[in-house]
Amino acid sequence: MNAPVPPHSGRPNDYTAYPDAQGRFGAFGGQYVPETLMPLVHDLTAAWGAAKVDPAFLGELQGYLTHYVGRPSPLYFASRLTEHFGGAKIYLKREELNHTGSHKINNCMGQILLAMRMGKTRIIAETGAGQHGVATATVCARFGLPCVVYMGAVDVERQKPNVFRMNLLGAEVRPVTSGSATLKDAMNEALRDWVTNVHDTYYLIGTAAGMHPYPEMVRDFQAVIGREVREQMMAAEGRLPDAVVACVGGGSNAIGLFHPFLNDEGVKLIGVEAAGSGMDTGRHAAAINGGRPGVLHGNMTYLLQDKDGQIEEAHSISAGLDYPGIGPEHSWLHDVGRATYLTATDAESLDAYMLLSKLEGILPAIESAHAIARIGEIARDVGKDGLVVLNLSGRGDKDVATVAAHLGRTV
Amino acid sequence: MRARIEQRFAALKAEGRAAFVPYVMAGDPDAATALAILKGLPAAGADLIEVGFPFSDPMAEGPPIQRAAQRALAAGMTLKATLEAIAAFRTADADTPVILMGYTNPLVTWGIEAFARDAAAAGVDGMIIVDLPPEEAGPLADALDANDISLIRLATPTTDDRRLPVVVRRTSGFVYYVSVAGVTGVKEADASAVAPHVERVRRASGLPVAVGFGIKTPERASAIARVADAVVVGSALVDEVAEAVDLNEDVTGRVLSKVEALAKAVRLARRGPV
């Protein structure tokens, strides 16, 4: 393993040349998995390497993205939000309009086609808020594959509608009671399933984290977001945006938005981590702002951990951001200074949820609301003639009960 | 010290029997009891000892060892206290090899070079890091080499002949063959299915081969002892800790009597069925 804190080597000439052949983004990433899984991980790396340059595979994926997912998603000028803050023009990338209501389907569609290409006949996944679980259950239903979704027992309780949705789609949801019974434990349990069912099972990871090649593969499937934003912004404004902004848990919607802009140094990349009850309370989910590098779930990355290297529980109102780690590419972009990672608390995100609902008639996922919570300051910093794009990664219907509870109401 | 492992396997080879290797979790159910168990293991028949150091997210463990790690962490166990326990064990036992087993992150926190030095000083002879495949193990292998500690590798049912040479490179002491594709303590190992793999790993490594994962009873231990150079039992022992705690029984006595039964089965295995 490399030194946990990498030397500050300065900015590379080509940010898109990563990961390297060992699955590294600088010191981050890698393949820290038990030996039983190594041959499977190598098989997956080879299969993905072949698929990503195969026009037939890419053409098939494009067909489903267009006709099943509903891409491209609109880039919408949020004029009332812009007016409210009085800064740069704010555009919303409408990923919440995708089939299943979030960006998660982009990755699931890509990986399910890869799984079938590899001859796998059983799909497993982990989920936090349930958005990735729903997206996985959806593609499994579409292609007729059995699906098991691991979900922390705590999350099963706070995201009941999504559990039922997965059941309707034919998936089996297995509540995980080990550890803290949230997303990290669901991922542990999915890995244990994979170690046990090595011949027929494909592990469909939902975020750009885990062992190589997942961070690269999930990023590439999500990069359709940033590619569309480039084209749509050129069409709308004739130039690239000054800043692009996204919430970050594992970080798949953010890296999908950022990646096509990595080499455009004039475009600021801003991620927003979940500060939970507040960074000074210790109850948060901000791996970069409140953690340090370590190894979990197959990769070296920033993690919430105690002084002995035991992983600490994350805390966030948003189940989708409630993870003690972050994708390794974000850790690297932070260390080399290419991207900036801010935070937003539960309370700020609830306010942002209500603000967007009232000003634009759009209920955002509570995850995406973390990015909205910082968009005013960002828009003012960029200034009146500027352009910013916020990734509206998911829709907020799933969160109405949570929001109501915080308002002292029941629905 | 690598020599401790080599000498132990050479002596057992001369005796014509396999080694019995109990796995215990450091600090389970508390530091004092775990140390009493550790100190009692050689007299109960342990030929080598694997000491697990707890990690919050042990991805290759089944429920028994997950719960053992949680008990230990809840009782305040740390990696530092694990090394202190091994050092205390070493004051009374200079011969029984101790293998430290666990996950990468606590080592990253400690610092790899410093940890290898401190582990050697405590009397650790070998290390097994479950989530550190050969592709990621270079720095640890260097640090262990510099401190005369064996890096012990896991070979598994998915390790094919093409990969086996990669797995056994830079390994010493013995190779640990994981007898089932799965987590610890769930599926049962089948001796006849394991035998050809043990032979395959022996040939590729030139080292003794220990077999573990899924060995729970003296009968199973005996069957594996006929085909392998060492038999590792972990989950069945930490389950004894759990049950003794639940029933408010003598934890040390209960674990050591289970160790005695398993060790006896291994000792007698090649003299015929027990």
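The rules behind each value
Residues numbered from 1 in each chain as written. Chains lettered and ligands numbered in written order. Predicted model: local features only at pLDDT ≥ 70, side-chain atom pairs only at ≥ 80, totals over all residues. Helix = DSSP H or I, 4+ residues; strand = E, 2+ residues; numbered from the N terminus. Rg over C-alpha atoms; globule rule 2.2 N^0.38 Å. Buried ≥ 20, exposed ≤ 12 C-beta atoms within 10 Å, placed from the backbone. Contact = placed C-beta atoms within 7 Å. Nonpolar A, V, L, I, M, F, W, Y, C, P; charged D, E, K, R; others polar. Pairing = 2+ DSSP bridges. Axes fitted to C-alpha atoms, helices over the stretch in contact; angles between N-to-C directions. Parallel < 35°, antiparallel > 145°, perpendicular 65-115°, else oblique. pLDDT = per-residue confidence, 0-100. Expected span 1.5 Å × (residues − 1). Arc of directions from axis to C-beta. Left-handed = near helix turned anticlockwise from the far one by under 90°. Core = buried A, V, L, I, M, F, W, Y, C linked by C-beta atoms within 7 Å.

**Here we look at the overall build of chain A**
And step 1. Scanning chain A from terminus to terminus reveals 16 helices and 14 strands.
And step 2. Over its C-alpha atoms chain A spans a radius of gyration of 20 Å, differing by no more than 12% from the 22 Å that the globule rule assigns to 411 residues.
And step 3. Along the first, second and third principal axes, the C-alpha set of chain A runs to 55 × 55 × 50 Å.
And step 4. Counting only residues that meet the buried cut, chain A has 62% of its 411 residues in that class.
And step 5. Within chain A, counting contacts between residues at least 6 apart in sequence, those at least 24 apart form 73% of the total.

**Regarding the interface of chain A and chain B**
And step 1. The partner chain B presents 35 residues to the 30 residues of chain A that form the contact.
And step 2. Where the side of chain A that touches chain B is concerned, the elements lending two or more residues are β2 (28-32), α1 (38-51), α8 (183-196) and β11 (292-296) of chain A.
And step 3. The class makeup of the residues in the side of chain A that touches chain B is 14 nonpolar, twelve polar and four charged.

**Overview of the sheet that holds strand β2 (residues 49-52) of chain B**
Sheets are built from strands that pair by backbone hydrogen bonding, the pairs being arranged parallel or antiparallel.
All names here are of chain B.
And step 1. Pairing is parallel across the open sheet formed by nine strands, whose spatial order is β5-β4-β3-β2-β1-β9-β8-β7-β6. Unpaired on one side and paired on the other, β5 (150-151) and β6 (154-155) mark the two borders of the sheet.
And step 2. With two bridges joining them, strand β8 (residues 209-212) and strand β9 (residues 230-233) adopt parallel strand pairing. Its bridge partner being in β9, V211 is matched across the sheet by V231.

**Some remarks on the sheet that holds strand β4 (residues 89-93) of chain A**
All names here are of chain A.
And step 1. Taken in spatial order, the six strands make up an open sheet running β3-β4-β14-β9-β10-β13, and their pairing is mixed. The open sheet has two edge strands with one neighbour each: β3 (75-77) and β13 (339-345). On average, adjacent strands in this sheet sit at an angle of 25° to one another, irrespective of strand direction.
And step 2. Of the strands in this sheet, β10 (268-276) and β13 touch helix α14 (residues 346-360), which is tilted by about 85° from β13.
And step 3. Docked against the sheet, helix α15 (residues 366-382) engages β4, β9 (243-247), β10, β13 and β14 (387-391), running at close to 155° with respect to β9.

**Focus: the packing of helix α4 (residues 79-90) of chain B against helix α6 (residues 112-122) of chain B**
Residues and elements named next belong to chain B.
And step 1. In the contact formed by α4 and α6, the axes pass within 8 Å of each other and the chain directions differ by 30°. When the interaxial angle is binned, α4 and α6 end up roughly parallel. Across the interface between the two elements, L83, I86, A87 and R90 of α4 pack against D118, A119 and A122 of α6.
And step 2. A class-by-class count of the residues in the contact of α4 with α6 yields five nonpolar, no polar and two charged.

**A few points about the confidence of the model for chain A**
And step 1. Summarising the model, chain A shows a mean pLDDT of 95, and 98% of its residues fall at 70 or more.
And step 2. Long-range and interchain partners of residues 1-7 of chain A, a stretch whose pLDDT sits below 50, account for 18 contacts in this model, where long-range means more than four residues apart.

**Brief notes about helix α1 (residues 2-15) of chain B**
Residues and elements named next belong to chain B.
And step 1. If you check α1, its first and last C-alpha atoms are 20 Å apart, about what 14 residues at 1.5 Å a residue would give, namely 20 Å.
And step 2. Inspection of α1 places R4, I5, R8 and F9 among the buried residues, and these make up the whole buried set. Looking straight down α1, one finds that the buried residues subtend no more than 125° of arc, so they occupy a single side. Facing away from the buried side of α1 by over 90 degrees, the exposed positions are A3, A10, A11 and A14.
And step 3. Where the residues of α1 are buried, they touch β1 (19-25), β4 (126-129) and β5.

**Comments concerning the packing of helix α2 (residues 31-44) of chain B against α4(B)**
All names here are of chain B.
And step 1. Close contact between α2 and α4 brings their axes to 10 Å; oriented N to C, the two are set at 40°. In the packing of α2 onto α4, the handedness of the crossing is right-handed. For the pair α2 and α4, the contacting residues are A31, A34, L35, L38 and K39 in the first and A81, A85, A88 and F89 in the second.
And step 2. Residues belonging to the contact of α2 with α4 are distributed by class as follows: eight nonpolar, no polar and one charged.

**Thoughts on the nonpolar core**
And step 1. Counting 231 residues, the largest nonpolar core has A:V245, A:V388, B:V211 and B:V231 as the members making the most contacts within it.
And step 2. Leave out the neighbours within four places in its chain, and A:V245 touches A:I270, A:V272, A:A371, A:R374, A:I375, A:I378, A:V388, A:V389 and A:L390.

**Let's talk about the pairing of β13(A)**
Consecutive side chains along a regular strand alternate between the two faces of the sheet.
Residue and element names in this part refer to chain A.
And step 1. Among the seven residues in β13, six count as buried, and that is most of the element.
And step 2. Looking at chain direction, β10 and β13 are connected through seven bridges and run parallel. Its bridge partner being in β13, L269 is matched across the sheet by A339.

**As for the environment of A:E60**
Residue and element names in this part refer to chain A.
And step 1. With respect to the secondary-structure elements, E60 resides in helix α2 (residues 55-69).
And step 2. Among the residues examined, E60 registers 16 C-beta atoms within 10 Å and is labelled partly exposed.
And step 3. Through-space distance from the C-alpha of E60 to that of A404 is 42 Å; in sequence the pair is 344 residues apart.

**Some points on helix α9 (residues 214-222) of chain A**
Residues lying three or four places apart along an α-helix face the same way, a consequence of the helix completing one turn every 3.6 residues.
And step 1. A large share of α9(A) lies buried, amounting to eight of its nine residues.
And step 2. All of the buried residues along α9(A) are A:Y214, A:P215, A:E216, A:M217, A:V218, A:R219, A:F221 and A:Q222.

**So, unusual backbone geometry**
All names here are of chain A.
And step 1. The omega torsion of the bond from R71 to P72 falls at -5°, within 30 degrees of zero and hence cis.
And step 2. Relative to the helices and strands, P72 resides in the loop between α2 and β3.
And step 3. Across the junction of H212 and P213, the peptide omega takes the value 10°, indicating a cis bond.
And step 4. Secondary-structure assignment places P213 in the loop between β8 (201-203) and α9.
And step 5. Phi is positive for H297, close to 50°, though the residue is something other than glycine.
And step 6. For H297, the location among the structural elements is in the loop between β11 and β12 (298-303).
And step 7. Judged by the 28 C-beta atoms lying within 10 Å of it, H297 falls in the buried class.

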